[in-house]
Amino acid sequence: MNTKRPHRPLTLRDVSEASGVSEMTVSRVLRNRGDVSAATREKVLTAARTLGYVPNKIAGGLASQRVNLVAVVIPSLSNMVFPDVLGGISAELDDTGLQPVVGVTNYSPPREDTVLYDMLSWRPSGVILAGLEHSKAARAMLDHAGLPVVEIMDIDGEPIDCAVGISHRRAGAEMAEEILNAGYRRIGFIGTHMPEDHRARKRLAGFEERLAEAGITLAAREYYQGNSSLLKGRELTERILTREPDLDFLYYSNDMIGSGGLLWCMEQGYDIPGKLGLAGFNGVELLDGLPMRLTTTDARRIDIGRRAARIVAGKEPPPEDGVIALAPTFLSGDTIRHR
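The chain is annotated in an unreviewed UniProt entry as LacI family DNA-binding transcriptional regulator from Paracoccus mangrovi.

K.L.:
Help me understand the pattern of salt bridges in this model?
P.N.:
Pairs can form between side chains of opposite charge once their charged atoms are near each other. By the definition in use, this model includes 21 salt bridges. Residues R210 and E213 are paired through a salt bridge, measuring 3.7 Å at the closest nitrogen-oxygen approach. Placement of both R210 and E213 in helix α8 (residues 198-213) is noted, with a separation of 3 residues, approximately one turn of the helix. A salt bridge links R300 to D303, with the shortest nitrogen-to-oxygen separation between them at 2.8 Å. Judged by its relative accessible area of 32%, D303 falls in the partly exposed class.

K.L.:
How should the sheet that holds strand β3 (residues 126-130) be read in this particular structure?
P.N.:
Hydrogen bonds along the backbone pair up the strands of a sheet, which may run parallel or antiparallel. One open sheet accounts for 6 strands, arranged β2-β1-β3-β4-β5-β11; its pairing is parallel. Looking at which strands have only one partner, the edges of the open sheet turn out to be β2 (99-104) and β11 (323-325). Shown here is a sheet whose adjacent strand axes are inclined to one another by a mean of 20 degrees, direction ignored. For β3 and strand β4 (residues 149-154), the ladder comprises 4 bridges, and the chain directions are parallel. From the neighbouring strand, L129 faces β4, where its bridge partner is E151. In this fold helix α4 (residues 82-93) packs onto β1 (69-74), β2, β3 and β4, with an angle of close to 165 degrees to the strand it touches most, β1.

K.L.:
Which parts of the structure should I look at to understand unusual backbone geometry?
P.N.:
Excluding glycine, residues mostly carry a negative phi; peptide bonds, for their part, are mostly trans. A cis amide bond links I272 to the next residue, P273, at an omega of 5 degrees. A positive phi angle, near 55 degrees, is found at N106, a position not held by glycine. Turning to its location among the elements, N106 is positioned in the loop between β2 and α5 (109-120). Positioned with a positive phi, N282 is a non-glycine residue whose angle comes to about 125 degrees. Note on placement: N282 falls in the loop between β9 (277-279) and β10 (296-298). Of the residues examined, N282 reaches a relative accessible area of 9% and is grouped as buried.

K.L.:
Just checking my understanding: could you explain the environment of A18 for this structure?
P.N.:
Structurally, A18 is set in helix α1 (residues 12-19). Considering only alpha carbons, one finds A18 and R111, 93 residues apart in sequence, at a separation of 25 Å. Ignoring sequence-local partners within four residues, the contact set of A18 consists of A47 and L51.

K.L.:
Teacher, can you tell me more about the packing of aromatic side chains here?
P.N.:
Centre distance and the angle of the planes are the two values used to describe a pair of aromatic rings. In the structure shown here, the tally under the stated rule is 5 aromatic pairs. Both rings, one in Y184 and one in F249, keep their centres 4.8 Å apart while their planes meet at 65 degrees; by these two values the pair is edge-to-face. With Y184 in the loop between α7 (168-181) and β6 (187-192) and F249 in strand β8 (residues 249-252), this pair connects stretches of sequence that are 65 residues apart. Judged by centre distance (6.0 Å) and plane angle (40 degrees), the ring pair of W264 and Y270 falls under tilted. Judged by its relative accessible area of 30%, Y270 is partly exposed. Taking NZ or CZ as reference, R203 lies 3.8 Å from the ring centre of F281, over its face. The ring of Y184 carries the charged tip of R337 above its face, separated from the ring centre by 3.8 Å.

Cut-off values and rules
- Residues numbered from 1 in each chain as written.
- Predicted model: local features only at pLDDT ≥ 70, side-chain atom pairs only at ≥ 80, totals over all residues.
- Heavy atoms only, no water.
- Salt bridge = Lys/Arg side-chain N within 4 Å of Asp/Glu carboxyl O.
- Helix = DSSP H or I, 4+ residues; strand = E, 2+ residues; numbered from the N terminus.
- Buried < 20%, exposed > 50% of the residue type's maximum accessible area, 1.4 Å probe, protein only.
- Pairing = 2+ DSSP bridges.
- Axes fitted to C-alpha atoms, helices over the stretch in contact; angles between N-to-C directions.
- Contact = heavy atoms within 4.5 Å.
- Phe/Tyr/Trp six-rings, centres within 6.5 Å; stacked < 30°, edge-to-face > 60°.
- Lys NZ or Arg CZ within 6 Å of the ring centre and 35° of its normal.

Structure (structure tokens):
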């Protein structure tokens, strides 16, 4: 655990002192009760937000206790990645009396702030949340929550308390190494716009850094917005190969669009993997049903969920350095030349 992290939960007195407003008025503002001027209300809310104070919705004699819930905060349920993580969490909590409660942020930092605020107000027994990048308000809330906080999926950064995941920079670099070793040189990338998808951004950075070490730059790239789908994979693959027909490898930011690209290329009669190789990321179950198995990286999703849940449930101690690093696993599949 991060030994520098303060564990004392904040109180109304802290907000009162920070805002210069009485505790009674602070209470009325935070409970949205009573006649309080707009200026005073804003002063209180700003102080609470800056400190990371979250009101306690548990009433009376139970107020000092925690409920048997684990807050699980993830960016999406619209792809096949996070259900596997949730499965690992649920399986590990099954015999503990703790129940996971899920909040979805849609990759939006303001939405994450709201989800965390609401969940922490019920005083859960722990928090598991995706990623290491959070707003100042979110970090302040988690710093003062006084409960186990496990950030999952990524270890390329500084955790608040404890992180369980893979290095996405390493995953990208290792895939680049495999592609180069297989003899491909005209490489294109297809992926999502990445302002808030920090893990995809880190993978691409690691991928390009390894290519640069070999004196190679990406020959083409295509980006999309919104959810991943087979259709987007087909459309973007057609677009990039129409524009750059001499590409000999396509690296996709995830398996869903990679699978769509593979199906399109097979329909067009491309020689895979001889003339054109393809690779994705995640290692999702969908790949088992394709005519050819897409080359990819197993992101260890179920293992990540299990290890995070074990820490929150007290089944295993958190690591002294605050990081549990799992190894991304290259899965060669059928869409890369085998040496």
